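The lines below spell out each chain.
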2 protein chains.
Amino acid sequence: MVEKFIVTPWEVRGRVNYNRLIKQFGLVPITDELLEKIKKFTHDLHYFFRRKIVFAHRDIDWILSEYEKKNQFYLYTGRGPSGYTHLGHLIPWIITKWLQDKFNAKLYFQITDDEKFLFKESISLEKIKEFAYDNILDIIALGFDPKKTRIFLNTEYAKTLYPEAIKVARHITISTAKAVFGFKNDSNIGKIFFTSMQAVPAFLESKKMGRNVPCLIPLAADQDPHFRIARDVLPKLGYYKPAILHTKFLPGLGPEGKMSTSEPETCIFTIEDPNLAAKKVMNAFTGGGATEKEQREKGGNPDICSVYQYYLFLFEQDDEKLNQIAQECKNGKRICGECKQILAERVKKFLIEHQEKRSAAKDVLEDFMLRD
Amino acid sequence: MVEKFIVTPWEVRGRVNYNRLIKQFGLVPITDELLEKIKKFTHDLHYFFRRKIVFAHRDIDWILSEYEKKNQFYLYTGRGPSGYTHLGHLIPWIITKWLQDKFNAKLYFQITDDEKFLFKESISLEKIKEFAYDNILDIIALGFDPKKTRIFLNTEYAKTLYPEAIKVARHITISTAKAVFGFKNDSNIGKIFFTSMQAVPAFLESKKMGRNVPCLIPLAADQDPHFRIARDVLPKLGYYKPAILHTKFLPGLGPEGKMSTSEPETCIFTIEDPNLAAKKVMNAFTGGGATEKEQREKGGNPDICSVYQYYLFLFEQDDEKLNQIAQECKNGKRICGECKQILAERVKKFLIEHQEKRSAAKDVLEDFMLRD
């Protein structure tokens, strides 16, 4: 049976089959050979690489070979501020921060308040901007280098972005945008233009420097369609194609990894009460048996367990210990209750610390912001 | 026989039948009764009104009744800087200047450099901006009040305009833009978004003031489709519908009033050598007979004469004298050669004076400019 899943920049639904996504989007899988190449420069590998949470790329080998030739790249990633940040949003940002540290790379962080306004009909731009500034605290809390990181809202940086966006737009037909994004004639005219705004930071550093600078974009895989178009257009404007690193999606706490901001029990927001978050973990869908007795006898199934995924993505960075969790689950030694308890404590601890960093971020926010 | 003509924001072709255009666009004709109402406030009438060069409107009666209630309106007009200014471009600007003087009204003057870049595939944004700043000299040369006039290029004022444009865009579907402007799926995605940018100055003053301010837009009739859409959308954003005054197109010097910037002999640019302009007039298509003898006997036809149109629009502001020109043409007393000679001298004089004012405009340009 072929599982159904949908991955678009505006909707991720179902249990994503990443091998099929690679084929569907035309991505290049991250191989062990490539990881060795990366390690040559970084000396160690982030566990996102080891675990293939960063699972695919476009042209990362080119980025490395340019880097080797002292042609430094810059990083670009983003956030669509449609609500509060949840743990899933952190995944591409964490690897971006690691890459910034390892390669001493400049970073542009785009907050697409325009996009979220255009795609959500019932929300004001003012509310979107509130979310934007709240999300930025999460970004800063992750520890990006204030000297090398520039964060901007599209509406506040439009004097720089819009004149470049129209240069991109001139090369994208309505047909292309419809085909890539699935727009229909009843879509609004802002939605269809928007991809031009998302393309700009992929050459902004080159524009500013007056020479071509390679760009590497770590992103959640659903954003790839924007850059499939951008990679076609940018060479026509005289710029390099940007390289891309694709991250997997942190599953939600519901059955089959369902996560939805409209069902807040399925995801953990960075701003929420750590005790409430712990409760959500305790109520999460697991791969355990119906009773403790059954689980002791038959063992659990980490592959379908949302709790295991939280260890894998964020809360057990030691590979051996992670492996031990899986083994002990399978052989019935580790029971869901205690497993969730341990995760709940770690989530709680993470949130308490992260929230302190968020508070501190308020004082340095302006050091990061880029405005016209 | 039904004459063919095309009037869109990007193409005006053929001999325009204004009565049919009024029906086609759903405009309201300017009546003598309305002119009397205007006169109540202005005491005299610009000859563009008397001669119905301003031939149609939307909601001008509403503007006047608000004005009577001390609810002052502001003016908005624009220029697409695709090349140098020719005399035809001046028509809506001249009436805008008159309205500014008579009603002491603030004016936003939008230079749509983004539009012209998106619609002309073979030109750089830098070149478009050169034209923009050249065109602005013509605008200032007409004598607008520097205290009450603000001129801006869309790309330089995008931080203000773009966040408002997306609010407009959210209410315009691809279908609507296709139907109104005739876009096809091979149009670029910037073209289809652009109308949102043109809508913004129609509520910009209301946005800035934090209260609704009536807006009157004098424009060449080809721009009406943009504001047909804007008039639908603005009330959804809580703003007044803008009122509009429509001007006719100055015909070119070629047969059937053909004017084309690709055929420079058919139009007179404000920057050109006054002697060359005079020559163009001497070579213009007229309504005269094949020979002087024939013309003396049968008379000429001012209705099809491009030279007569130049008197009508710009170079004979005295109605009696204009009427005399027409009469003497029809009865064979006025011969094309001398008629063109007189016009040529007036055109030359106008250009010499206008070019002096253009030079002086360079020194005060910054007093007019609005940038983020």
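Residues numbered from 1 in each chain as written. Chains lettered and ligands numbered in written order. Predicted model: local features only at pLDDT ≥ 70, side-chain atom pairs only at ≥ 80, totals over all residues. Heavy atoms only, no water.

### So, the state of the cysteines
So, step 1. Throughout the structure, instances matching the rule amount to zero disulfides over all chains.
So, step 2. Cysteine Cys305(A) remains unbridged, with the sulfur of Cys336(A) as its closest cysteine sulfur at 6.0 Å. (Disulfide = S-S within 2.5 Å.)

### Structural notes on the side chain of Arg51(B)
All names here are of chain B.
So, step 1. By the element assignment, Arg51 lies in the loop between helix 3 (47-50) and strand 4 (54-58).
So, step 2. Residue classification places Arg51 among the buried positions, given a relative accessible area of 12%.
So, step 3. Side-chain polar atoms of Arg51 contact the side chain of Asp319, separated by 2.9 Å.
So, step 4. Excluding its chain neighbours within four sequence positions, the residues that come into contact with Arg51 are Tyr311, Leu312, Glu316, Gln317, Asp318, Asp319 and Leu322. (Helix = DSSP H or I, 4+ residues; strand = E, 2+ residues; numbered from the N terminus. Buried < 20%, exposed > 50% of the residue type's maximum accessible area, 1.4 Å probe, protein only. Polar contact = N/O pair within 3.5 Å; in protein donor to acceptor, adjacent residues only side chain to side chain. Contact = heavy atoms within 4.5 Å.)

### Quick word on helix 10 (residues 189-199) of chain B
Residue and element names in this part refer to chain B.
So, step 1. With 11 of 11 residues buried, helix 10 lies mostly within the body of the structure.
So, step 2. Looking only at helix 10, the buried set comprises Ile189, Gly190, Lys191, Ile192, Phe193, Phe194, Thr195, Ser196, Met197, Gln198 and Ala199.
So, step 3. The N-cap residue of helix 10 is Asn188: its side-chain oxygen and the backbone nitrogen of Gly190 are 2.9 Å apart.

### Some words on the domain arrangement of chain A
Residues and elements named next belong to chain A.
So, step 1. By domain assignment, chain A separates into domain 1 (6-249) and domain 2 (264-360).
So, step 2. On a C-alpha basis, the centres of domain 1 and domain 2 stand 29 Å from each other.
So, step 3. Taken together, the contacts link 20 residues of domain 1 with 22 residues of domain 2.
So, step 4. Interface area for domain 1 against domain 2, summed over the two sides, is near 1,800 Å², with a carbon-plus-sulfur share of 62%.
So, step 5. The tally of links between domain 1 and domain 2 comes to four salt bridges.
So, step 6. At the boundary of domain 1 and domain 2, one finds 14 residue pairs in polar contact (both at pLDDT 80 or more).
So, step 7. In terms of residue class, the side of domain 1 that touches domain 2 is made up of 12 nonpolar, two polar and six charged. (Domains from an automatic or database assignment. Buried area = accessible area lost by both parts, 1.4 Å probe. Salt bridge = Lys/Arg side-chain N within 4 Å of Asp/Glu carboxyl O. Nonpolar A, V, L, I, M, F, W, Y, C, P; charged D, E, K, R; others polar.)

### Digging into the sheet that holds strand 9 (residues 243-247) of chain B
Residue and element names in this part refer to chain B.
So, step 1. The mixed open sheet is built from seven strands, whose spatial order is 3-4-9-8-5-6-7. Of all strands in the sheet, those bounded by a partner on one side alone are strand 3 (28-29) and strand 7 (149-153).
So, step 2. One ladder, built from five bridges, connects strand 6 (residues 107-111) with strand 7; its direction is parallel. Residue pairing across strands places Gln110 opposite Phe152, the latter belonging to strand 7.
So, step 3. Helix 1 (residues 18-25) contacts strand 3 and strand 4 of the sheet and is inclined by roughly 10° relative to strand 4. (Pairing = 2+ DSSP bridges. Axes fitted to C-alpha atoms, helices over the stretch in contact; angles between N-to-C directions.)

### What about the interface of chain A and chain B?
Put simply, an interface is often sized by how much accessible area is lost when its parts join up.
So, step 1. Between chain A and chain B, the residue contacts involve 39 residues of the former and 39 residues of the latter.
So, step 2. Interface area for chain A against chain B, summed over the two sides, is near 3,300 Å², with a carbon-plus-sulfur share of 68%.
So, step 3. The largest share of the area that chain A buries against chain B comes from Tyr162(A), Arg170(A) and Ile189(A), three residues that together contribute 25% of it.
So, step 4. Taken together, chain A and chain B are joined by two salt bridges.
So, step 5. Notably, a salt bridge pairs Glu126(B) with Lys167(A), separated by 4.0 Å at the nearest N-O pair.
So, step 6. Scanning the region where chain A abuts chain B turns up 20 residue pairs in polar contact (both at pLDDT 80 or more).
So, step 7. When residues of the side of chain A that touches chain B are traced back to their parent elements, those giving at least two are helix 6 (113-119), helix 7 (125-141), helix 8 (158-169), helix 9 (174-181) and helix 10 (189-199) of chain A.

### A word on the pattern of salt bridges
So, step 1. Scanning all chains against the criterion turns up 55 salt bridges over all chains.
So, step 2. Residue Asp44(A) pairs with Lys102(A) through a salt bridge whose shortest N-O separation is 2.9 Å. A residue pair is termed long-range when its members are at least 10 positions apart, and Asp44(A) in the loop between helix 2 (32-42) and helix 3 (47-50) and Lys102(A) in helix 5 (residues 87-103) qualify at 58 residues.
So, step 3. The exposure class assigned to Asp44(A) is partly exposed, which follows from its relative accessible area of 37%.
So, step 4. Given the relative accessible area of 29%, Lys102(A) is considered partly exposed.
So, step 5. Across the salt bridge formed by Glu66(B) and Lys69(B), the nearest N and O atoms sit 3.0 Å from each other.
So, step 6. For Lys69(B), a relative accessible area of 58% gives the class exposed.
So, step 7. Overlapping salt bridges, with partners in common, bring together Glu126(A), Glu164(B), Lys167(B) and Lys207(B) in one network.

### Side note on the relation of the copies chain A and chain B
So, step 1. The two copies are related by a screw motion: chain A maps onto chain B through a turn of 180° and a shift of 0.0 Å along the axis, at an RMSD of 0.1 Å. The transformation just described matches what one would write down for a two-fold rotation axis. Taking C-alpha positions as reference, the residue of chain A nearest the rotation axis is Lys159(A), located at 2.3 Å.
So, step 2. Mapped onto chain B, 100% of the interface residues of chain A again fall at the interface, so both copies present the same surface. (Least-squares fit on C-alpha atoms with pLDDT ≥ 70 in both.)

### Comments concerning helix 13 (residues 274-282) of chain B
Residue and element names in this part refer to chain B.
So, step 1. Restricting attention to buried positions, one finds in helix 13 the residues Pro274, Ala277, Ala278, Lys280 and Val281. Take helix 13 and look down its axis: the buried residues cluster within an arc of 155°, on one side only.
So, step 2. Buried residues along helix 13 sit against helix 17 (336-368).
So, step 3. The N-capping residue of helix 13, defined by a side-chain oxygen 2.8 Å from the backbone nitrogen of Asn275, is Asp273. (Arc of directions from axis to C-beta.)

### Description of the sheet that holds strand 5 (residues 74-79) of chain A
So, step 1. Pairing is mixed in the open sheet, where seven strands are placed in the order 3-4-9-8-5-6-7 (chain A). Looking at which strands have only one partner, the edges of the open sheet turn out to be strand 3 (28-29) and strand 7 (149-153) of chain A.

### Things to note about the packing of aromatic side chains
So, step 1. Overall, the coordinates contain 51 aromatic pairs over all chains when judged by the stated rule.
So, step 2. Here Trp93(B) and Phe109(B) contribute two aromatic rings whose centre-to-centre distance is 5.5 Å and whose plane-to-plane angle is 75°, an arrangement assigned as edge-to-face. With Trp93(B) in helix 5 (residues 87-103) and Phe109(B) in strand 6, this pair connects stretches of sequence that are 16 residues apart. Comparing Trp93(B) with Phe109(B) shows no difference in burial state: the two are buried.
So, step 3. Ring pairing ties together the aromatic residues Trp10(A), Phe119(A), Phe181(A) and Phe183(A), which thus form one cluster.
So, step 4. Against the face of Phe131(B) rests Lys127(B), its NZ or CZ located 5.0 Å from the ring centre.
So, step 5. Arg170(B) extends its terminal NZ or CZ atom over the ring of Phe117(A), reaching a point 3.7 Å from the ring centre. (Phe/Tyr/Trp six-rings, centres within 6.5 Å; stacked < 30°, edge-to-face > 60°. Lys NZ or Arg CZ within 6 Å of the ring centre and 35° of its normal.)

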